[in-house]
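# Inside the fold
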Amino acid sequence: MNIPAGKLAIRGLEVSFGERRVVSMDELRLDHGEIVGLAGESGSGKSMTTLAILGLAHTVGATVSGSIKLDGQELTTLSPPDLRAIRGRRIAAIFQSPATAFSPVYKVGTIFTRALRLHGASKAEAADRAAEAMRQVLLAPDLLRRYPSQLSGGQLQRVAIALALALRAEILLADEPTSALDVTVQAEVLDLLRSLRESTGMSILFISHDLAVVAELCDQVVVMRGGLIVEQGPASQVLSAPTDPYTIELLESVPRLASAP
Amino acid sequence: MKGDLLQLRDLAVRYGPVLAVNGVSLDLPAGPFGLGLIGESGSGKSTIGRAVLRLVRMAGGSITFDGQDIASLRGAGLKEYRRNAQIVFQDPDNSLDPRMRIGTTIAEALHAHGVVPRQEAGERVAGLLTEAGLDPEFAVRYPHQLSGGQRQRVAIARALSVQPRLLVLDEPTSALDVRTQARILKLISGLRAERDLAYLLITHNFGVVSELCEQTAVLYLGRVAEIGPTGVLLSRPAHPYTHALRSAVPEVELAGRRSRIVLPGDPPDAASPPPGCVFHPRCPLAIDRCRTEVPVLRDVAPGHRVACHLAEKVLAGAQMPTSGYR
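Residues numbered from 1 in each chain as written. Chains lettered and ligands numbered in written order. Predicted model: local features only at pLDDT ≥ 70, side-chain atom pairs only at ≥ 80, totals over all residues.

Another point: the overall build of chain B. Broken down by element type, chain B carries 12 helices and 12 strands. Per-residue burial over chain B gives 48% buried out of 326 residues. Here the analysis covers contacts within chain B between residues at least 6 apart in sequence; of these, 65% occur between residues at least 24 apart. (Helix = DSSP H or I, 4+ residues; strand = E, 2+ residues; numbered from the N terminus. Buried ≥ 20, exposed ≤ 12 C-beta atoms within 10 Å, placed from the backbone. Contact = placed C-beta atoms within 7 Å.)

What follows is the structure, encoded as structure tokens:
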């Protein structure tokens, strides 16, 4: 069967630690401008999938087989320099704890300049793009002169997103990006991701254990358990009429705001 | 009407220049009863729990347990209070001694308070583990051999071992996976009925208070913004902050069909709180009065109190900016 390629297409992906297979994924597709939610609990393999897409699984001692294609180009067989040109640039990632994602010894602006220069921007261009990206995430460009420790968790997560924007990333891998944030700040970050998808056409793979957050943000949902996909489909369908018993249990576990005891 | 087990009056706690808790009054009836303390980082919710356990010093106000001022307790009276008031922390990894077997950890509490004769401790530990939904065999294991949910069950079993009348549950499920969280909530719900437990449940999650607390207090920058029956707060919040907090909670059912109230900015610096209502810089309804006059907590309905000059407008359905994104 000939399925259209998709922006990012994963097929037969397997990630293993020695004999132990932690991810075994038949197919996952992320289209242009689409937000796909990868949902599952600890140990479901969702974060290892992210590392595999970034070509970083070997750094934690895992081996990867199968196919990961970006616009039809196979990533798993790329040489390290070719992969570096893609990782961080075309495929960016944000993580749960933005405080540990940035070096504490550089000012935010320097972090931008270093990343942009590494990917070929001139000094003046880097400064312009950093300021523009900060405005896109509704932060004052003044914050570029501060150190990461002088920003709040919500501001830092916006900076991480701004960095992806400044690099003109086409795909954003967001691994539990709001799990450490307060609920009002989480809501703002979700709004931001949604609006950036609209304005830039960025594709987002959103990884979360929280099905309510996935429900708010994502077009498609992929539910993982023990490294396997147990259910996938349009978010409205999977979350309103789940068929897999595990998905049903996950949904029933979300605390309801209905009635007090 | 049952008497109050715990009363906080104008509680204040100071960390250096920061007044982390500023004039909080709360009443907790004897169990079974759950009072939820909900708020964001820096709201003072955990500090209140710690002050109740006398783990931090009060800067002002009073806490009475069973009519006794806990600040004046010494010696045997204090020890008795320490038995009566127990805590379960968010992260059982840090609250269980990694070098101690589970059984020893629980038995230590039993010995310290002389709850049962030494020779009966093993039997009691087995009973407590069973009550917490664990196999009694777990007594010989170490914390690292257990999952996060199992460790939290051990922490609950240890807290209950000394037959407390008051529990402080400080984000007891925030570090757990969602299915594990559901099971722990069910456990707490079952235990509260069996043991007539009264508890303060500290959380940032409206879903958790909705399942376990009759009453909820919403805290903002060390003050009570609103307090009332949990169902009322969820369905008819009278404070703009409660309204916004409620609307920010993601829900599976309402996805995509609901507007969210936008709160500009982050909570202000607690070391230099704004004048007037501390919420006014982020409040979409703020008027001049809010910038100068501190709102006092007042009744808007029986048992429903709110600290907002504009509560009536909020209850009447005042419009707040809900543009998904600016």
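Helix and strand counts for chain A come out as 10 helices and 10 strands. Over its C-alpha atoms chain A spans a radius of gyration of 18 Å, differing by no more than 12% from the 18 Å that the globule rule assigns to 261 residues. Along the longest, intermediate and shortest principal axes, the C-alpha atoms of chain A span 55 × 55 × 35 Å. Taking all contacts inside chain A whose residues are at least 6 apart in sequence as the whole, residues at least 24 apart take part in 65%. (Rg over C-alpha atoms; globule rule 2.2 N^0.38 Å.)

Residues and elements named next belong to chain B. As summarised here, the arrangement of the 8 strands in space is β6-β7-β8-β3-β9-β10-β12-β11, forming an open sheet in which the pairing is mixed. Two strands in the sheet have a free side with no partner beyond their single neighbour: β6 (85-88) and β11 (298-301). If you compare each strand with its neighbour and ignore which way they point, the axes differ by 20 degrees on average. Strand direction decides the pairing type here: β6 and strand β7 (residues 166-170), joined by 4 bridges, are parallel. (Pairing = 2+ DSSP bridges. Axes fitted to C-alpha atoms, helices over the stretch in contact; angles between N-to-C directions.)

On to the interface of chain B and chain A, then. Counting residues at the interface gives 36 residues for chain B, matched by 30 residues for chain A. Taken together, the elements giving at least two residues each to the side of chain B that touches chain A come down to α7 (178-195), α8 (206-212), α9 (230-235) and α10 (240-248) of chain B. The element contributing the most residues to the side of chain B that touches chain A is α8 of chain B, with 6 residues.

With that settled, consider the sheet that holds strand β1 (residues 4-15) of chain B. Residues and elements named next belong to chain B. Here we have 4 strands laid out as an open sheet, ordered β2-β1-β4-β5, and antiparallel in their pairing. Both outer strands of the open sheet, β2 (18-29) and β5 (68-69), are each paired with one neighbouring strand and no more. Here β1 pairs with strand β4 (residues 60-65) via 5 bridges, running antiparallel. Opposite A12, over in β4, you have G60 as the bridge partner.

Turning our attention to helix α4 (residues 108-118) of chain A. What α4 of chain A keeps buried is the set V108, I111, F112, T113 and L116 of chain A. Elements that come into contact with the buried residues of α4 of chain A comprise α5 (123-136) and α6 (153-166) of chain A.

Summarising the element assignment, R158 of chain B is placed in helix α6 (residues 148-161). Expressed as a C-alpha distance, the spacing of R158 of chain B and A109 of chain B, which sit 49 residues apart in the sequence, is 7.0 Å.

On to unusual backbone geometry. Glycine aside, a negative phi is what most residues show, and trans is what most peptide bonds show. In the segment running from G31 of chain B into P32 of chain B, the intervening peptide bond is cis, with an omega of -5 degrees. Mapped onto the elements of the fold, P32 of chain B is located in the loop between β2 and β3 (33-38). Residue R168 of chain A is not a glycine yet carries a positive backbone phi of 60 degrees. As for its placement among the helices and strands, R168 of chain A is situated in the loop between α6 and β7 (171-175).

Residues and elements named next belong to chain A. As judged from the 7 bridges shared by strand β1 (residues 8-17) and strand β4 (residues 63-70), these two strands associate in the antiparallel manner. Following the sheet pairing, A9 is matched in β4 by K69. Strand direction decides the pairing type here: β4 and strand β5 (residues 73-74), joined by 2 bridges, are antiparallel. If you follow L70 over to β5, its bridge partner there is Q73.

What follows concerns the packing of helix α7 (residues 183-200) of chain A against α10 of chain B. As a packed pair, α7 of chain A and α10 of chain B sit with axes 8 Å apart at the nearest point and diverge in direction by 55 degrees. Here α7 of chain A lies oblique to α10 of chain B, going by the angle between them. For the pair α7 of chain A and α10 of chain B, the crossing hand works out as left-handed. Here V183, T184 and A187 of chain A of α7 of chain A lie close against α10 of chain B, whose contacting residues are A244, L245 and A248 of chain B. Looking at the contact of α7 of chain A with α10 of chain B, its residues break down into 5 nonpolar, 1 polar and no charged. (Parallel < 35°, antiparallel > 145°, perpendicular 65-115°, else oblique. Left-handed = near helix turned anticlockwise from the far one by under 90°. Nonpolar A, V, L, I, M, F, W, Y, C, P; charged D, E, K, R; others polar.)

Here the focus is the packing of α4 of chain A against α6 of chain A. All names here are of chain A. Between α4 and α6, the shortest axis-to-axis distance is 10 Å and the interhelical angle comes to 30 degrees. Between α4 and α6, the crossing angle belongs to the class labelled roughly parallel. Pair α4 / α6 crosses with right-handed handedness. Side by side, α4 and α6 meet where V108, F112, A115 and L116 of the first sit next to V159, L163 and A166 of the second. Considered class by class, the residues forming the contact of α4 with α6 number 7 nonpolar, no polar and no charged.

Before going further, it helps to examine helix α10 (residues 245-253) of chain A. Since the α-helix turns once every 3.6 residues, residues separated by three or four places project in the same direction. Here α10 of chain A has its buried residues at T247, L250 and L251 of chain A. All buried residues of α10 of chain A lie within an arc of 95 degrees about the axis, which places them on one face of the element. Looking at the buried residues of α10 of chain A, the elements they touch are α8 (211-217), β9 (220-225), β10 (228-234) and α9 (235-240) of chain A together with α7 of chain B. (Arc of directions from axis to C-beta.)

In this model, chain B carries a mean pLDDT of 91, and residues with pLDDT of at least 70 account for 97%. For this predicted complex, the interface score ipTM comes out at 0.82, while the overall pTM is 0.89. (pLDDT = per-residue confidence, 0-100.)

Here is a general trend for soluble globular proteins: nonpolar side chains tend to be buried in one another's company. With 181 residues, the main nonpolar core has A52, L172, L205, F206, L211 and V214 of chain A together with L201 of chain B as its most contacted residues. Per-element tally for this core: the top contributor is α6 of chain A, with 9 residues. Apart from residues no more than four positions distant in its own chain, V214 of chain A is found in contact with G37, A39, F206, S208, V221 and A235 of chain A. (Core = buried A, V, L, I, M, F, W, Y, C linked by C-beta atoms within 7 Å.)

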